[in-house]
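Summary of the model geometry
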Amino acid sequence: MATNALDRLQRTATSSLPMAKGAMPLLGAMVFVVSLGYGAGLPLIRPYLLRYLGTVPASTVAWHVGMLGGVYLFALFLFAPLWGRLSDRHGRVLVLLIGFAAFLVGSVGTALAPSIGLVYAARLLAGAGAAAIVPTAQAYIADLSSTIDRSRRFVLLGSASFVGFLAGPAFGTWLAGPVMGVAVGQMGTMLNWPALAVALAGVPLLLLAPLCLGRNHAVAPSLTVEDGASRRRFVHASMLLALLASFAVGTFEVGFNLFGSQTLGLTTSTMAAMFITCSLAMLTAQSMLLLSSVRRRIDQRWVAAAFAGSALALAFTSLVPDAGSLGLMIAVVATGAGIVGPVLSYELLERQSAAPGKLLGQQAAAGNLGQALGSMGAGSLFTLAPMMPFWTAALVLLVGAALSLVWWGPARMGEIAAREVTGAGTASR
């Protein structure tokens, strides 16, 4: 069985298998809609929550800001591995359909929930459904792509995610009211419109999915390759780096939201522009991976530099005098954070792509757990000191930089050496 799996992996390393004509546009559109829904709510989360909470202390609002984002991300952590395993056993298309439908229902529930308890329940359902989309879409691509095509298609999928996240804040604030001349305090039910619009935009994609993605297929059990010690060490190191990077991102996102609105007094529209800056920087960083010359040079020093650069920018948050300087700092942080996730995904499948749904689901879970913990903790950290979320994120990123050099890099080189030995042994037979 292992030999058959290795033969399959060697064939797909050099040539792609046929992919349905509309598959990539459909997958990109699904990822875009999920990211759009998440991004659209970021600058609106405080006024949205105040509709349910009423007149409460600022510390209570900060706690709910962190927890509401954390619930969504924690659902991603819980369900991503399950969706990954199910897609390996029962097919990518079926899992994408069920997950996307759950996300759309959760989005409608978020818009129409009559109480704060049901808001949390709707966000949990939306997160559970969203957990299926990115790892399963990546697994679908990995099934049918050569090494070169897989890298390019992963970047395109990641770009669709960041474009959605980029467009989300502007879309949400425009649809909710401020850009149309309605004061933030008078938005009322208009705060529901972005979530409803995202759900409506997703319905045609759900209906088109079976046609665009082709026949539902599962990965044969014979494609499983037993992991050696070097492989397990590399996977564990990659998961930890994904968790640390995402923890810092989650802490930074919530901390920035609270710092910008409560400390600097930025308007909702300005906050949306800041999130757009963040998305643009991440998109630029990911686009670099389209260049084969860049991919060939990436190693532990690149990853460590990405962690360290973001940490350095966060360390200077307390010196930010205005919105323009804050935007520049956000761009630096986002550029570093934006390159870590795609590099880890690419490296995880570079030398073994058997059962990619399970593997990518595990990576997504690690990243989502980190982001959920960061998001949940940031609200409490902010109440202790406005700078605390940024300093915590910087410290975590510095730990990530160190582990990139002393653990992830050696584990990566060890796996490369082990695969070369395995390849030579297979060739001699």
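A short note on the overall build of the chain
Per the secondary structure count, the chain includes 16 helices and zero strands. Expressed as a percentage of its 429 residues, the buried residues of the chain come to 57%. For the chain, the proportion of contacts with a sequence separation of at least 24, taken over those separated by at least 6, is 84%.

Considerations on helix 2 (residues 23–41)
Relative to the 27 Å expected for 19 residues at 1.5 Å per residue, helix 2 spans 28 Å between its end C-alpha atoms, a close match to the ideal helical length. Within helix 2, 14 of the 19 residues are buried, which leaves the element mostly enclosed by the surrounding structure.

Section: the side chain of Thr-251
Tracing the backbone through its elements, the reader meets Thr-251 in helix 10 (residues 229–263). We classify Thr-251 as buried; its relative accessible area is 0%. A distance of 3.5 Å separates a polar side-chain atom of Thr-251 from the backbone oxygen of Gly-374. Contacts of Thr-251, omitting those with residues within four sequence positions, involve Gly-374, Ser-375, Ala-378, Leu-381, Pro-389 and Ala-393.

Regarding the confidence of the model for the chain
Confidence in the prediction of the chain, expressed as mean pLDDT, is 78, and 80% of residues score 70 or more. No element of the chain has a lower mean pLDDT than helix 1 (residues 2–14), which averages 43, and none a higher one than helix 5 (residues 92–112), which averages 93. Contacts of residues 1–14 to residues separated by more than four positions or lying in other chains number 22 contacts, the stretch itself having pLDDT below 50. Predicted confidence is poor over residues 220–225, with pLDDT under 50, and the contacts of this stretch with residues over four places away or in other chains come to 12 contacts.

Section: the environment of Val-303
Position of Val-303 relative to the elements: it lies in helix 13 (residues 300–315). Judged by relative accessible area, which is 4%, Val-303 ranks as buried. C-alpha of Val-303 to C-alpha of Leu-403: the two residues are 100 residues apart in sequence and 9.9 Å apart in space. Among residues more than four places away in sequence, those in contact with Val-303 are Leu-241, Val-343, Ser-404 and Trp-408.

Rules used in this analysis
Residues numbered from 1 in each chain as written. Predicted model: local features only at pLDDT ≥ 70, side-chain atom pairs only at ≥ 80, totals over all residues. Heavy atoms only, no water. Helix = DSSP H or I, 4+ residues; strand = E, 2+ residues; numbered from the N terminus. Buried < 20%, exposed > 50% of the residue type's maximum accessible area, 1.4 Å probe, protein only. Contact = heavy atoms within 4.5 Å. Expected span 1.5 Å × (residues − 1). Polar contact = N/O pair within 3.5 Å; in protein donor to acceptor, adjacent residues only side chain to side chain. pLDDT = per-residue confidence, 0-100.

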